Amino acid sequence: MRHFGHIPSMARAGLFHREPAAFTADSPARTLAVALGATLYSPATRPRLADDVRKQAARGVVSMVLCLEDSISDADVEAGEDNLVRQFADLADTPVTDADTATDVPLLFIRVREPRQITDLVTRLGETVRLLSGFVLPKFTETRGRAFLEALTQAEAASGRRLFAMPVLESPELLHLETRAETLAGIASITEKYRDHVLALRLGVTDFCSAYGLRRSPDMTAYDVKIVAHVISDVVNVLGRSDGTGFTITGPVWEYFRPGERMFKPQLRRSPFMEGSAEDLRTALIEHDLDGLLREIELDRANGLLGKTCIHPTHVVPVHALSVVSHEEWSDAQDILRPEQGGGGVLRSAYTNKMNEVKPHRAWAERTLQRAELFGVAKEDVGFVDLLTAGLSG
């Protein structure tokens, strides 16, 4: 699979200076953590779940979470487990693979409620466990997470299949100021112990807001809700460092709903949308309240997050389009990491609009080239509107 693999190869060639690299579920963990992109959630109870997975893969989705937790009622858990076993068998019986359009089965994760579900489901999946990449662990803390991670390692040993964990940081202990530092230290300790099994950390911002009876509108990003922004900052501070101790931390979910009346002016600037039919695209995005999503994606990256939890298919292409590395970013990163610059120093950028400091910007450059490998490098004259248009029409 590859990002933008759902659009024709000729169209990709016209968009990318360097096309996104292909990867598989067996690629190194570091590769998969960056490649997650827009991770689309789906209730595990959907009766045609296997068809849904194939359909979303054909539209560019490369990672999905099949949820047995908050997205379904308590009474439907057993039915959801039974359905997952049936749907995995369906996917295994009729695989869909097209080298040109990359419609392979995405990276699949199951969001569980209890540790016992991990070992039980892996046993019940049998041979079809080869389609499973891992589990999403809810309300993760050191105490609660240990049992989940122990169950994961047991299931991995029993099945012979590499399985990853994606803990969700959403517990009240993490949100509340008086327990946050201790909770973060505990999470850092347990995730370091199981580092080889932890693919990425996910942020449960909806639960953060719920603890205070809050819900942000489509005009506001998670970073406009200060209590949420402070938690994100502290999580990145402790768990997202670039010194080798950190993890990939993914952006919070964007809750799509159509408000009765827009309170604030649209956040999308007009200038990137002035050519061709781009103004029509801008209007469509605003009408569907995705302008706030685009701003939040940019703020995610500025605050050290990569990828995003998505609950609606229309969010996937914007996340991926804004994950592509611009030619200018790639050029700067390449210059900073040239072997002859190992001793440090300051360089004028090839675009002659900034100074690149070799030592302070090295970690940024390394992360940028990792993202470039998986999401590609846009041509000099290609912007995110072109990528959005291609992704939506693919």
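Draft legend 1. View of the overall build of the protein chain. Broken down by element type, the protein chain carries 16 helices and 12 strands. For the protein chain, with 394 residues in total, the buried portion stands at 52%. For the protein chain, restricting intrachain contacts to residue pairs at least 6 apart in sequence, the fraction spanning at least 24 positions comes to 77%. Total accessible area computed for the protein chain in this model is approximately 17300 Å², and 51% of it derives from carbon and sulfur atoms.

Draft legend 2. Up close: the packing of helix α14 (residues 327–336) against helix α15 (residues 362–375). For the pair α14 and α15, interaxial distance at closest approach is 9 Å and the crossing angle is 125 degrees. Between α14 and α15, the interaxial angle falls into the category oblique. Considering only the axes of α14 and α15, their crossing is left-handed. Each of Glu329, Trp330, Asp332, Ala333, Gln334 and Ile336 in α14 lies in contact with α15, whose residues at this interface are Arg362, Trp364, Ala365, Thr368, Leu369, Arg371 and Ala372. Its residues placed into classes, the contact of α14 with α15 shows 7 nonpolar, 2 polar and 4 charged.

Draft legend 3. Local environment of helix α8 (residues 177–193). Under the 1.5 Å per step criterion, the end-to-end length of α8 is 25 Å for 17 residues, consistent within 8% with the ideal 24 Å. Taken together, the buried positions of α8 are occupied by Arg180, Thr183, Leu184, Gly186, Ile187, Ile190 and Thr191. Buried residues along α8 sit against α6 (142–159), β6 (164–169), α7 (172–175), β7 (201–203) and α10 (226–239).

Draft legend 4. Structural detail: the layout of surface pockets. Put simply, the largest pocket is a space of about 1200 Å³. Taken together, 48 residues form the lining of the largest pocket, with Val34, Leu306, Arg367, Thr368 and Gln370 sitting closest to its centre. Where the lining of the largest pocket is concerned, the elements lending two or more residues are α2 (29–35), α12 (291–302), α14, α15 and α16 (384–393). It is α15 that provides the largest number of residues to the lining of the largest pocket, a total of 7 residues. Of the residues belonging to the lining of the largest pocket, the class tally is 21 nonpolar, 12 polar and 15 charged.

Draft legend 5. Here's a closer look at the pairing of strand β3 (residues 63–67). β3 sits mainly inside the fold: 5 of its 5 residues count as buried. Of the two faces of β3, both are covered, the one formed by Ser63, Val65 and Cys67 as well as the one formed by Met64 and Leu66. Examined bridge by bridge, strand β2 (residues 38–43) and β3 share 5 bridges and lie parallel to one another. Looking at the pairing, Thr39 lines up with Ser63 of β3. Examined bridge by bridge, β3 and strand β4 (residues 107–111) share 5 bridges and lie parallel to one another. Note that in β4 the partner of Ser63 across the bridge is Leu107.

Draft legend 6. Looking closely at the side chain of Asp52. Structurally, the position occupied by Asp52 is in helix α3 (residues 49–58). Residue class for Asp52 comes out buried when judged on its relative accessible area of 13%. A distance of 2.6 Å separates polar atoms of two side chains, one belonging to Asp52 and the other to Arg46.

Draft legend 7. Spotlight on the sheet that holds β2. On the basis of which strands lie adjacent, the open sheet formed by 8 strands has the order β8-β7-β6-β5-β4-β3-β2-β9 and parallel pairing. In this open sheet, the two strands that pair with only one neighbour each are β8 (249–250) and β9 (308–310). In the packing of helix α4 (residues 77–93) onto the sheet, contacts are made with β3, β4 and β5 (132–137), and the angle to β4 comes to roughly 175 degrees.

Draft legend 8. Examining the pattern of salt bridges more closely. Here the structure, examined in full by the defined rule, presents 29 salt bridges. Between Asp52 and Arg46 there is a salt bridge whose closest N-O contact spans 2.6 Å. Exposure remark for Arg46: the relative accessible area of 39% places this residue in the partly exposed category. The partner of Arg124 in a salt bridge is Asp82, and the shortest N-O contact between them spans 2.5 Å. Placement of the pair is Arg124 in helix α5 (residues 115–125) and Asp82 in helix α4, with a sequence separation of 42 residues.

Draft legend 9. Just α5, in detail. The set of residues buried in α5 consists of Gln117, Ile118, Leu121, Val122 and Leu125. Seen from one end, α5 has its buried residues packed into an arc of 125 degrees, which puts them on one side. Where α5 is buried, its residues touch α4, β4, β5 and α6. Following α5 by one or two positions, Gly126 adopts a phi angle in the positive range, close to 60 degrees.

Draft legend 10. Summary view of the packing of aromatic side chains. Evaluated as defined, the whole model comprises 1 aromatic pair. Of note, Arg195 hangs over the ring of Phe247, and the distance from its end group to the ring centre comes to 4.2 Å.

Draft legend 11. Representation of the pairing of β5 in the model. The buried fraction of β5 is high, at 6 of 6 residues. Relative to β5, β4 runs parallel, the two sharing 4 bridges. If you follow Phe109 over to β5, its bridge partner there is Gly134. Note that the unit made of β4, α5 and β5 has a crossover that is right-handed. Both β5 and β6 contribute to a ladder of 4 bridges, which runs parallel. When the sheet's bridge partners are listed, Gly134 is paired in β6 with Phe164.

What counts and what doesn't
- Residues numbered from 1 in each chain as written.
- Predicted model: local features only at pLDDT ≥ 70, side-chain atom pairs only at ≥ 80, totals over all residues.
- Heavy atoms only, no water.
- Helix = DSSP H or I, 4+ residues; strand = E, 2+ residues; numbered from the N terminus.
- Buried < 20%, exposed > 50% of the residue type's maximum accessible area, 1.4 Å probe, protein only.
- Contact = heavy atoms within 4.5 Å.
- Areas by Shrake-Rupley, 256 points an atom, 1.4 Å probe, with all protein chains shown as cover.
- Axes fitted to C-alpha atoms, helices over the stretch in contact; angles between N-to-C directions.
- Parallel < 35°, antiparallel > 145°, perpendicular 65-115°, else oblique.
- Left-handed = near helix turned anticlockwise from the far one by under 90°.
- Nonpolar A, V, L, I, M, F, W, Y, C, P; charged D, E, K, R; others polar.
- Expected span 1.5 Å × (residues − 1).
- 1 Å grid on protein atoms, 1.4 Å probe; cavity = no way out; pocket = protein on both sides within 12 Å on 5 of 7 lines; lining within 4 Å.
- Points joined across faces, edges and corners; volume = space filled by probe spheres on them.
- Pairing = 2+ DSSP bridges.
- Polar contact = N/O pair within 3.5 Å; in protein donor to acceptor, adjacent residues only side chain to side chain.
- Salt bridge = Lys/Arg side-chain N within 4 Å of Asp/Glu carboxyl O.
- Arc of directions from axis to C-beta.
- Phe/Tyr/Trp six-rings, centres within 6.5 Å; stacked < 30°, edge-to-face > 60°.
- Lys NZ or Arg CZ within 6 Å of the ring centre and 35° of its normal.
- Right-handed = clockwise from strand over helix to strand, strands pointing away.

Don't take any of this as a statement about function, it's just geometry.
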